[in-house]
Amino acid sequence: MRREVRKAILSREDITPEAMHAAHFAAFGLDLELVAEILIHMAGELDVPVTKLRPSDRFDVEFAPDWWNGWDSGVAILLLDLQRMARRRGVRVEQDITTVDDYVRVMAEVYC
């Protein structure tokens, strides 16, 4: 992730997974504990505090890799995790995963 983007993300107001769930993911009928677990996993792979993630964060903008590390900013690992779990559970993922929202909703669908 580019330094200036990381700085902007880290300067955001904190939003807990519970508050994000209530404001966004609950409307889709997603379980709070599952959403929190997915967000915590994402934050670890993306190397940002979970309270700084936003549903609208885009993998190719906010979490795009630095020019010197073109392969990964954590996004590739998240997408591989999703593909592996979907394959194990026999679920076909046809949706493009471009945002935090996409990832959480599709991973929750695959998980259940």
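Here's what I pulled together on the structure shown here.

To continue, consider the nonpolar core. Ranked by size, the top nonpolar core spans 30 residues in total, and within it Leu39, Met42, Leu53, Phe63, Tyr103 and Val104 carry the most contacts. Secondary structure elements with two or more residues in this core: α1 (3-10), α3 (32-46), α4 (75-89) and α5 (100-111). Apart from the residues lying within four places of it in its own chain, the contact partners of Leu53 are Arg12, Met20, Leu39, Met42, Ala43, Leu46, Val48, Phe63 and Val100.

Our next topic: α4. Between the first and last C-alpha of α4 there are 21 Å, a value that for 15 residues agrees with the 21 Å anticipated at 1.5 Å per step. For α4, the set of buried residues is Val75, Ala76, Leu78, Leu82, Met85 and Ala86. Looking at the buried positions of α4, the neighbouring elements they touch are α3 and α5. Of the residues trailing α4, Gly90 is marked for its positive phi of about 70 degrees.

Right, let's get into the environment of Asp66. Along the chain, Asp66 turns up in the loop between α3 and α4. In this structure the C-alpha to C-alpha distance between Asp66 and Arg84, which are 18 residues apart in sequence, comes to 26 Å.

For the rest of this paragraph, the subject is the pattern of salt bridges. In a structure, side chains of opposite charge can pair up when their charged atoms sit close to one another. Tallying each qualifying case throughout the model produces six salt bridges. Where Arg6 meets Asp47, a salt bridge forms, and the shortest distance between an N and an O atom there is 3.7 Å. Note that Arg6 is positioned in helix α1 and Asp47 in the loop between α3 and α4, a separation of 41 residues in sequence. Glu94 is paired through a salt bridge with Arg92; the nearest N and O atoms lie 2.7 Å apart. Taking the relative accessible area as the measure of exposure, Arg92 reaches 69% and is therefore exposed.

Turning to α3, a few remarks are in order. Taking 1.5 Å per residue as the helical rise, α3 with its 15 residues ought to reach 21 Å, and the 21 Å between its terminal C-alpha atoms agrees with that figure. For α3, the full list of buried residues reads Leu34, Val35, Ala36, Ile38, Leu39, Met42, Ala43 and Leu46. Contact partners of the buried residues in α3: α2 (17-23), α4 and α5. Two or three places before Glu33, at the opening of α3, Asp31 has a side-chain oxygen 3.2 Å from that residue's backbone nitrogen.

Let us look at the environment of Pro17. Among the secondary structure elements, Pro17 is positioned in helix α2. Under the relative-accessibility criterion, Pro17 is labelled buried at 9%. Between the C-alpha atoms of Pro17 and Leu53, which are 36 residues apart in sequence, the distance is 8.8 Å. Excluding residues within four positions of it along the chain, Pro17 makes contact with Leu32, Ala36, Leu39 and Val50.

Next up on the list: the packing of α3 against α5. Orientation of α3 relative to α5, taken along the N-to-C sense of each, is 125 degrees, at an axis distance of 10 Å. As far as their axial angle goes, α5 and α3 are oblique. Regarding α3 and α5, the two cross each other, and that crossing is right-handed. Residues Leu34, Val35, Glu37, Ile38, Leu39, His41 and Met42 of α3 lie in contact with α5, whose contacting residues are Val100, Tyr103, Val104, Met107, Ala108 and Tyr111. Residue classes in the contact of α3 with α5 are distributed as eleven nonpolar, one polar and one charged.

Thresholds applied
Residues numbered from 1 in each chain as written. Predicted model: local features only at pLDDT ≥ 70, side-chain atom pairs only at ≥ 80, totals over all residues. Heavy atoms only, no water. Core = buried A, V, L, I, M, F, W, Y, C linked by side-chain atoms within 4.5 Å. Buried < 20%, exposed > 50% of the residue type's maximum accessible area, 1.4 Å probe, protein only. Helix = DSSP H or I, 4+ residues; strand = E, 2+ residues; numbered from the N terminus. Contact = heavy atoms within 4.5 Å. Expected span 1.5 Å × (residues − 1). Salt bridge = Lys/Arg side-chain N within 4 Å of Asp/Glu carboxyl O. Polar contact = N/O pair within 3.5 Å; in protein donor to acceptor, adjacent residues only side chain to side chain. Axes fitted to C-alpha atoms, helices over the stretch in contact; angles between N-to-C directions. Parallel < 35°, antiparallel > 145°, perpendicular 65-115°, else oblique. Left-handed = near helix turned anticlockwise from the far one by under 90°. Nonpolar A, V, L, I, M, F, W, Y, C, P; charged D, E, K, R; others polar.

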